[in-house]
Amino acid sequence: MNFDDTPQEAEFRATARAWISANAPKQYEEELRKSSLGRTVLKNADILQVAKAWQKKKADAGWACLHWPKEYGGRGASPIERVIWQQEEGPFGQLSRMFIIGHGMCGPTMMAFAREEHKRTYLPPLASGEKVWCQLFSEPAGGSDVAGLRTRAEKDGDDWIINGQKIWTSGAHYSDYGILLTRTDPTVPKHKGLTMFFLDMKSPGVEVRPIKQASGASDFNEVYFTNVRIPDHQRLGEVGDGWNVSLTTLMNERSAIGAAVSTGFPELFEYCSSLMLDDGPAIEDRAVRSKLANWAVKASGLKYTSMRAISALSRGERPGPENSIGKLVAGSMIQDVATYALDLQGASGVVSGEDGELAGRFQAMLLRAPGTRVEGGTDEIMRNIIAERVLGLPGDIRVDKDVPFNKIPTKGRN
Amino acid sequence: MNFDFSDDQKQLRDQARKFLTEKCSPKAVRVVLDGKAPYDKELWKGLAEMGFLGVAIPEEFGGAGAGHLELCVIAEEMGRANAPVPFSSTVYLAAEALLIAGSDAQKKKWLPAIASGEAIGTLALFEGKGNPAPKNVKLTAANGVLNGVKKPVADGAIADFAVVAARAGSSGREADISLFLVDLKAGGVEVKNLTNLDPTRGQAEITFKDAKAEPLGAAGEGWSILTQVLDRAAVLCAFEQVGGADRALEMGRDYALDRIAFGRQIGSFQAVKHMLADMYVSATLARSNSYYGAWALSTNAAELPEAAAAARISATQAFQHCAKNNIQVHGGMGFTWEFDCHMYYRRANAMALGLGSLTYWEDQLIDRMRKKNAA
């Protein structure tokens, strides 16, 4: 048992570290290091431009999408090399946020289902960040129940005509392309009538509207489709096989290994270490210490769970199912941590933003936290996944499983 | 990076599991649970023959000379099987104390006897309520004899010898505490069995009346040695707790698949599924924290104090959580004496206290994290 790199890993790490040290946009390092949850904002620069420039620089030197094949803009690196890169990239990895969906979900789906000429055309600029992609699955009527989606695709000659609405689309407002899950046959059970496409987000009839979130920020969008035409050669997988195609996408969403998950704990520990309460330092307070200790072992438990998965990669094995706990644990933890940090501030905890304690860091965390427990699979869906795929418990009883989609009761919401 | 046990160590784990499945069935555990024997002597003998008792004891002292990672995988299986033997007292506490502080003669006397299964040892630290703290040690040492009362002492009624924490000075400082070795079969020792949460592992009250004792380690070093022993035992116990948590989770999962109510497997209800998923989460966090503890223990890393406290807290929580909810999944049947669920519930809650309670270890963890940050 050890934490040491193999000689090859050490060599790769040294090469990566040297390149990053020579090329990273260091002027933003401090700001990037401090952004802890959800939103990365730079005071004096457009984050999108900084991110695109960094991504392009990496791509030109062969450091973009490391695990992708070279012909599609990657490096053909092993999974462990990808993890080592992430570790070395450190805070500059924050700049990859806007590419996560494209690189982590759209790219792999294209690789598995697109025609060869499309892969060669679309994947390299996706890898280099010159083109940004989004994923258009969720709908007002289909969140956790994605297969309940209603956006229609109807065949018209060699094209498909799209009508409907998507929601919670990250980055749609700056995306060039998207992968889109549609319903092509409403007369068969819901999972069987779906088909996947990719499309140009600048196509006529696509309208992107930002969602104002409960936190006040806008990171997501609604996307409306009105008679949008997609050529049939942009179909991904067979007609009616969209559900299986989407599973490829979603599996990739949940397989990000080695990516640090925010728990809020390091921030809280640091805060408590210097905070004075009415009757002494917070860190000396019995109740505070007990809370901190309980969160500390969750944070370290996640860290070492991730190390175990990385070790499996290092041996060339597939990591076990234990990594599926990360989002579930971290999501609710960061919410509890933020709530407690405010509690420690007493009445002044109500003051947020620049006027607040630590420029409102924990207040911002609190307001963003509900989203972390919903996006990318709600806590409840994550528990279902652990129960069914890890523990082997029965799937939920689905009363609409064998019912034609257009016969499923909707309570009038169509 | 290879933050995992080696193939050989995993093989040893399989071997231990196979052995314990055969020799330590729930039926065998119940013989001790029902008070028909103080511990499972046959199993104890078998563990010695397998070389498990001395796995981390150097060859020169009659052990296998393997190491602590090997001991960790065996500990996990002991916890999974709920083994009714004085393994933790003898191997994690007494043997570790001897390995850290024993003289050559002391090691030669006791370690081979531990490895061969001839001697049962324990640590006599507590004196009634309270967590490990120098001020809670009232038993006195003077002129080579001990006077005072220790309770509870795990496996005290069946132990042949004890490592005893005693007050040998009156300066009011930590340096007043020294450790002693006492042959419990010699004179001046009275042992009384105490009823306890987990009858598969006894607890005793030991009264020392001018009991002859020899120093273990340098005078005044007692507390520092004891702290190291507790840290090492915390990691090893964490593996037992992880094994127990896993077994409780499996029992709950199996029952949820088997039991039909309202016309379907109860494991198809989300209330049950989510409870089991949460058990998996805490068991996984505990396992990962314990692996880190194992790494620190086996390499004698500077991180050991922090890693041990984290493993202790995480594994204690996980075992308690899994054992408790295993009963809940079983419903009424889980609350019968006949079903095995309560054995894990008892063990989980007894183990949560044995080396000091969660409150103590939470405090330790924060102190140690602060120390690290300050350094």
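1. What to know about the overall build of chain B
No. 1: The helix and strand tally for chain B stands at eleven helices and ten strands.
No. 2: The C-alpha radius of gyration computed for chain B amounts to 20 Å, which stays within 12% of the reference 21 Å derived for 375 residues, consistent with globular compactness.
No. 3: Dimensions of chain B, computed from C-alpha atoms along their principal axes, come out at roughly 75 × 50 × 40 Å.
No. 4: Expressed as a percentage of contacts within chain B between residues at least 6 apart in sequence, the contacts between residues at least 24 apart total 74%.

2. Regarding the overall build of chain A
No. 1: The number of helices and strands found in chain A is twelve helices and ten strands.
No. 2: Taking 2.2 N^0.38 as the reference for a compact globule, 414 residues should give roughly 22 Å; the C-alpha atoms of chain A span a radius of gyration of 23 Å, in line with that estimate.
No. 3: In chain A, buried positions account for 42% of the 414 residues.
No. 4: Sequence-distant contacts in chain A: of pairs separated by 6 or more residues, those separated by 24 or more amount to 70%.

3. Comments concerning the packing of helix α4 (residues 68-81) of chain B against helix α8 (residues 270-299) of chain B
Residue and element names in this part refer to chain B.
No. 1: Interhelical geometry of α4 versus α8 gives an angle of 145° and a closest axis separation of 8 Å. Counted together, His68, Leu69 and Cys72 of α4 and Ala294, Leu297 and Ser298 of α8 form the full contact between these two elements.
No. 2: Classifying every residue of the contact of α4 with α8 gives four nonpolar, two polar and no charged.

4. Section: the nonpolar core
Nonpolar side chains in soluble globular proteins generally cluster together in the buried interior.
Residue and element names in this part refer to chain B.
No. 1: Judged by nonpolar contacts, the single largest core of 237 residues is most densely connected at Ala97, Val163, Val164 and Leu276.
No. 2: Sort the elements by how many residues they give to this core and helix α7 (residues 222-258) lands first, with 19 residues.
No. 3: Not counting chain neighbours up to four residues away, the residues in contact with Val164 comprise Ala124, Leu146, Lys150, Leu179, Phe180, Val182 and Ala213.

5. Description of the interface of chain B and chain A
No. 1: Counting from both sides, the interface comprises 39 residues of chain B and, opposite them, 38 residues of chain A.
No. 2: Among the secondary structure elements, those contributing two or more residues to the side of chain B that touches chain A are α7, β10 (264-265), α8, α9 (304-330) and α11 (358-374) of chain B.
No. 3: The element contributing the most residues to the side of chain B that touches chain A is α8(B), with 16 residues.
No. 4: Here the side of chain B that touches chain A is built from residues that sort into 20 nonpolar, twelve polar and seven charged.

6. Some words on helix α5 (residues 87-101) of chain B
Since one α-helical turn is 3.6 residues long, residues separated by three or four positions face the same way.
All names here are of chain B.
No. 1: Over its 15 residues, α5 runs 20 Å from end to end, which matches the ideal 21 Å to within 8%, given 1.5 Å per residue.
No. 2: Ala95 marks where α5 bends most, by close to 25°.
No. 3: Taking burial as the measure, the 15 residues of α5 include 13 buried ones, the bulk of the element.

7. Quick look at the pairing of strand β7 (residues 220-231) of chain A
Residue and element names in this part refer to chain A.
No. 1: Bridging between strand β3 (residues 159-170) and β7 involves ten bridges; their strand directions are antiparallel. Within the sheet, the bridge partner assigned to Trp160 lies in β7 and is Ile230.
No. 2: Alignment of strand β6 (residues 206-210) against β7, held across five bridges, turns out to be antiparallel. Looking at the pairing, Arg209 lines up with Glu222 of β7.

8. A few points about the packing of helix α10 (residues 326-344) of chain A against helix α12 (residues 379-390) of chain A
All names here are of chain A.
No. 1: For the pair α10 and α12, the least separation of the axes is 9 Å and the interaxial angle reads 150°. Classed by the angle they form, the pair α10 and α12 counts as roughly antiparallel. The way α10 lies across α12 gives a crossing that is left-handed. Where α10 abuts α12, its residues Lys327, Leu328, Gly331 and Ser332 lie against Asp379, Met382 and Arg383.

9. Thoughts on unusual backbone geometry
No. 1: Residues Lys151(B) and Pro152(B) are joined by a peptide bond in cis, for which omega reads -5°.
No. 2: Phi is positive for Asn227(A), close to 50°, though the residue is something other than glycine.
No. 3: Its place among the elements puts Asn227(A) in strand β7.
No. 4: Residue Asn227(A) is classed as exposed on the basis of its C-beta count, with 11 C-beta atoms lying within 10 Å.
No. 5: Even without being glycine, Asp210(B) reaches a positive phi, approximately 50°.
No. 6: Turning to its location among the elements, Asp210(B) is positioned in strand β7 (residues 203-212).
No. 7: Assessed through the 14 C-beta atoms surrounding it within 10 Å, Asp210(B) is described here as partly exposed.

10. A few points about helix α4 (residues 79-89) of chain A
Residues and elements named next belong to chain A.
No. 1: The buried count for α4 comes to eight of eleven residues, which makes it a mostly enclosed element.
No. 2: Every buried residue of α4 is accounted for by Pro79, Ile80, Glu81, Arg82, Val83, Ile84, Trp85 and Glu88.
No. 3: On its buried face, α4 is in contact with α1 (7-23) and α9 (286-314).

11. Observations regarding the environment of Ser6(B)
No. 1: Along the polypeptide, Ser6(B) turns up in the segment before α1 (7-23).
No. 2: Measuring from C-alpha to C-alpha, the distance between Ser6(B) and Glu70(B) comes to 9.6 Å, with 64 residues separating the pair along the chain.

12. Description of the environment of Asp343(A)
Residues and elements named next belong to chain A.
No. 1: By the element assignment, Asp343 lies in helix α10.
No. 2: Residue classification places Asp343 among the exposed positions, given that 11 C-beta atoms sit within 10 Å.
No. 3: For the pair formed by Asp343 and Ile283, sequence separation is 60 residues and the distance between their alpha carbons is 15 Å.

13. Re the environment of Lys36(B)
No. 1: Take Lys36(B): it is sitting in the loop between α2 (26-33) and α3 (41-50).
No. 2: For the pair formed by Lys36(B) and Tyr255(B), sequence separation is 219 residues and the distance between their alpha carbons is 29 Å.

So, how was this worked out
Residues numbered from 1 in each chain as written. Chains lettered and ligands numbered in written order. Predicted model: local features only at pLDDT ≥ 70, side-chain atom pairs only at ≥ 80, totals over all residues. Helix = DSSP H or I, 4+ residues; strand = E, 2+ residues; numbered from the N terminus. Rg over C-alpha atoms; globule rule 2.2 N^0.38 Å. Contact = placed C-beta atoms within 7 Å. Buried ≥ 20, exposed ≤ 12 C-beta atoms within 10 Å, placed from the backbone. Axes fitted to C-alpha atoms, helices over the stretch in contact; angles between N-to-C directions. Nonpolar A, V, L, I, M, F, W, Y, C, P; charged D, E, K, R; others polar. Core = buried A, V, L, I, M, F, W, Y, C linked by C-beta atoms within 7 Å. Expected span 1.5 Å × (residues − 1). Bend = angle between axes of the 7 residues up to and from the residue. Pairing = 2+ DSSP bridges. Parallel < 35°, antiparallel > 145°, perpendicular 65-115°, else oblique. Left-handed = near helix turned anticlockwise from the far one by under 90°.

Fair warning: the whole summary comes from geometry, so function is off the table for now.
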